[in-house]
Each structure stands twice: as C-alpha cells, then as structure tokens.
Amino acid sequence: MSQRQLSFDTLQLHAGQTPDPATGARAVPIYQTTSFIFKDFAQAKGISSAEEAGYDYTRIINPTNEVLENRIAALEGGSGALALASGSAATATTILNITHAGDEIVAAKTLYGGSFNLFVNTLPKHGVKTTLVDPIDPENFRRALTERTKAIFVETIGNPDINIIDFEAVGRIAGDHGIPLIVDNTFGTPYLFLPFNYGANISVHSATKYIGGHGTSIGGLIVDGGNFNWGNGKFPDFTTPDPAYSNFIHWEKWGNQAFIVKARLHYLRDIGACLSPFNAFLFLQGLETLSLRLRRQVETTQRIAEFLQASPDVDWVNYPGLKSSPYHALAQKYLPKGPGAILTFGINGGFERAKKFIEALKIFSFLANVGDSKSLVVHPATVTHGQLTEAEQRLAGVKPEQIRFSIGTEDPDDLLWDVAQAFAASR
Ligand SMILES: *Cc1c(COP(=O)(O)O)cnc(C)c1O
C-alpha cells in the first residue's frame, strides 16, 4: 500500500491504524483504561519524562485517541494532532500554547459564538487581547498587527455570514509577520478544505460536528501543519529549556511536531481537557463515512439554496455555492468540492415569521448544532449568538430574520417539501 498515494476515501477508513497485534481486531479497540502498566523502572521514568514514547495515563495519551489523532493528521496533511474534550478546548488550548499575558491575537470578526466569547470576554481577563477585523479585505489583518501579535485566527466558512476568507493572502500576511495562521476548519473538514495547502499552520476542529456526523459526542482536534518556524525568536516557550521536562528545548527536540507535542505535554497535563476513548471511537466511526456524507450534503445544500433564492418567502440567502454570493469565486478556488452544507437566509416577515417557520418544520430539528446527518435549523440571534449584546450581534453579522440550516443526508425532495410546507404554515 505504501507505494501508492492513497485517496481520501481510503485514508478515512485506514489511516493511523495498525490492526490490534494482540487480537487482530478489525475495528479500533476502545482502550477504556485510565492508566497503563510500566514494564520496569526504566520505562516508567522514560515515559513519564517524555524521553521515551509510550502510554502512561489517559489524560495525556491513549491508544484509541491516538488512532483518531493520526487519522486526522493524515487526512489534513499535518505533522501530528491532538484530541481534546471539545472544539472549544481545542481553540483555547491552541491559544494558550503560544501566548503569554501581554500578547495579542488578530481574528476575523465572523466567528462561532463560543470563540467570540473566548476572544472578547475570557482571554482579556488573562492578559491576552484580541483585535477583531472585517475579513473581507485581507489587508485589514495586516493593519491590526502589532509587535505583540502572536497569531491570526479565522474560520474556514464563517458563521453566520457563511463567508470565505482569502486564505493565501492572509497566510502571507501572517508569514511576513512571523506568526502562525490558525484556521478553525470545523465547517470545512479536511474533505472539503486543506488549510495547510493555503498558508495555514494550525487547524482546529469541533469533531462534534461533521467528523462525528451523528450528533452523539462532543470532542475537538488540533492539527499541527508542521510548517511553522517556532524558532524565529517570537515564541520563547519553544526555544528555552523546559524545567518540567529535564530542560529540553521543544523546538530542538520535536522539530516539526513541536507545537502539538508541547500542547499535549503542557495543556493536557495542566488543564486536562482530554477526550474520552469511547468518544474517540465514535469519531472514528464517523470519519469512515465523512466524504460520502459530505458529497450528498453539499449537493442537497446547493439545491436548497437555489430553491430559497427563487422563493418569494425569502429576502436573502448566504451560500457561497450561489453565483450571486460575494464569496463564490473564493469558494471555487479554495473549496472546489463545495462550500459546505450550512447556509443562512432571511425570511420575509422578520423575527415573528422566523419563529412560526421554525416551529412548523417537521423534518428539520430545531437545536444548537451543525454537521449532523439529520437536517438541523436554528435561529442564531436567539441560540448560537444569544449571549452576545445587540451591538456584538450586529458586528458578527447576526440578524433577527436570519435562519440557519445545516443540511443532512435525508432525501432532498423530502427536505424541499418540508421547507415549502413550513413557508405555507407561517404565511
Ligand atoms: C461547535 C463549534 C465550535 C466549538 O466546538 P464544541 O465541540 O461545541 O466545543 C468551534 N468552532 C466552530 C466553527 C463550531 O461550529
């Protein structure tokens, strides 16, 4: 197999796994254990000090989680990955791993509500300030950079604007400044978008969404692109001796895996947001069908977007697959397999009609999630961005008449029927 460059559809089933040598189990076993027996003192010392590879304690490392980590790294083309308890833990851990009090982040203002809160309300209490910029013009990122800026953070497909960033341009700006570009690739997934091919250095995922794909488990992943020079003088944690680990220097010891190994050794150790092996198993089940689900979901989303755009019940539709979208050209360049399966639209009749419409839907589930195989609907101003002030909602692009669909794998004609009957019921 090693002589052939295997395709995504094959890797999503096989990458990162060597069938269990003890039993030959075909499925990835769930190593539901807190700890692992040391052979002897030498091994105990070696593993505990990170001088030797091996398993000691599931907060830090677990063989089931490791298959998930290696599989996502293979699918996205990274040098390594880390599984965490949630997408939020993945984002917070990524920022903690590269900042100190006094540092700054520059982020697109079109962010997931939870990330918005992390950057705007929580991190400043710990001395890390974020400047939010309008991502429509890449130069806005450059203008916001200072000497203390340690990263640029964007999402593959912004929420709720369903906007797409000019990744190569923003990646060049980050590179010129000697800082990493971090991409939250939750809405893209490695099937639709490969961030490291377009200037990104780190990606984070809420595995809760498309990777799991069935709405059963909360989890997150960080992927290290292995393509950033942590020895450029801006990141002393990577280039000075670490007293907690026999004074080794992470950048020298781990090379292109320095970012992801340090995240594990420092932040799984100290914050402890580790993923349950059982949930890792469910994410592996989900990954096996990622591309199959997304091909169907993207195709159906395009049909629904076109239906909505032609409907007198709708004032506007945000979906980059539509020719009228300001992000259509960027979508074709960066997401040629389709710009995801999430769209937002403004219902004619404002908030009151949005309420009636959502309550009248029969197949779509009204809940706060995306990326399920089942179709989902939410009112962002009430739910996903409900904790933001009105001014913050306007900044993030949230509007009262706005409805968000996450399109599943149901029969597309059944979904179109559901939307039409709910328009009629809400008229
Ligand atoms: C859901 C989500 C998160 C947070 O992930 P959790 O697993 O819910 O913690 C982060 N970013 C995006 C884009 C998301 O959709």
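Residues numbered from 1 in each chain as written. Predicted model: local features only at pLDDT ≥ 70, side-chain atom pairs only at ≥ 80, totals over all residues. Heavy atoms only, no water.

1. Some thoughts on helix α11 (residues 258–270)
Okay, step 1: Taking 1.5 Å per residue as the helical rise, α11 with its 13 residues ought to reach 18 Å, and the 17 Å between its terminal C-alpha atoms agrees with that figure.
Okay, step 2: Buried residues dominate α11, accounting for 11 of its 13 residues.
Okay, step 3: Of the residues flanking the end of α11, it is Gly-272, one or two places downstream, whose phi is positive at about 80 degrees. (Helix = DSSP H or I, 4+ residues; strand = E, 2+ residues; numbered from the N terminus. Expected span 1.5 Å × (residues − 1). Buried < 20%, exposed > 50% of the residue type's maximum accessible area, 1.4 Å probe, protein only.)

2. Brief notes about the pattern of salt bridges
Okay, step 1: Evaluation of the coordinates by the stated rule reveals 16 salt bridges.
Okay, step 2: Ionic pairing is found between Asp-137 and Arg-143, a salt bridge with its closest N-O pair at 3.3 Å.
Okay, step 3: A residue is classified by how much of its surface remains accessible, and Asp-137, at 30% relative accessible area, is partly exposed.
Okay, step 4: It is possible to trace a salt-bridge network through shared partners that takes in Asp-103, Arg-148 and Lys-150. (Salt bridge = Lys/Arg side-chain N within 4 Å of Asp/Glu carboxyl O.)

3. Some remarks on the sheet that holds strand β6 (residues 202–206)
Okay, step 1: Reading across the sheet, the 7 strands line up as β1-β7-β6-β5-β4-β2-β3 and stay open at both edges, with mixed pairing between neighbours. Lying at the two open borders of the sheet, with one neighbouring strand each, are β1 (80–84) and β3 (129–133). Ignoring which end each strand starts from, the neighbouring axes of this sheet average 20 degrees apart.
Okay, step 2: Summarising the sheet, strand β5 (residues 181–184) and β6 pair through 3 bridges and their orientation is parallel. The residue of β6 that forms the bridge with Ile-182 is Ile-202.
Okay, step 3: Sheet strands in contact with α11 are β1, β6 and β7 (220–224), and its direction is about 25 degrees off that of β1. (Pairing = 2+ DSSP bridges. Axes fitted to C-alpha atoms, helices over the stretch in contact; angles between N-to-C directions. Contact = heavy atoms within 4.5 Å.)

4. Observations regarding the site of the ligand
Okay, step 1: The local shell around the ligand consists of Ser-86, Gly-87, Ser-88, Tyr-112, Asp-184, Thr-186, Phe-187, Ser-206, Thr-208, Lys-209, Ile-218 and Gly-219.
Okay, step 2: Look at the ligand: alone it shows 380 Å² of surface, and the protein chains cover 92% of it.
Okay, step 3: Across the shell around the ligand, the residue classes break down as 3 nonpolar, 7 polar and 2 charged. (Near = heavy atom within 4 Å. Areas by Shrake-Rupley, 256 points an atom, 1.4 Å probe, with all protein chains shown as cover. Nonpolar A, V, L, I, M, F, W, Y, C, P; charged D, E, K, R; others polar.)

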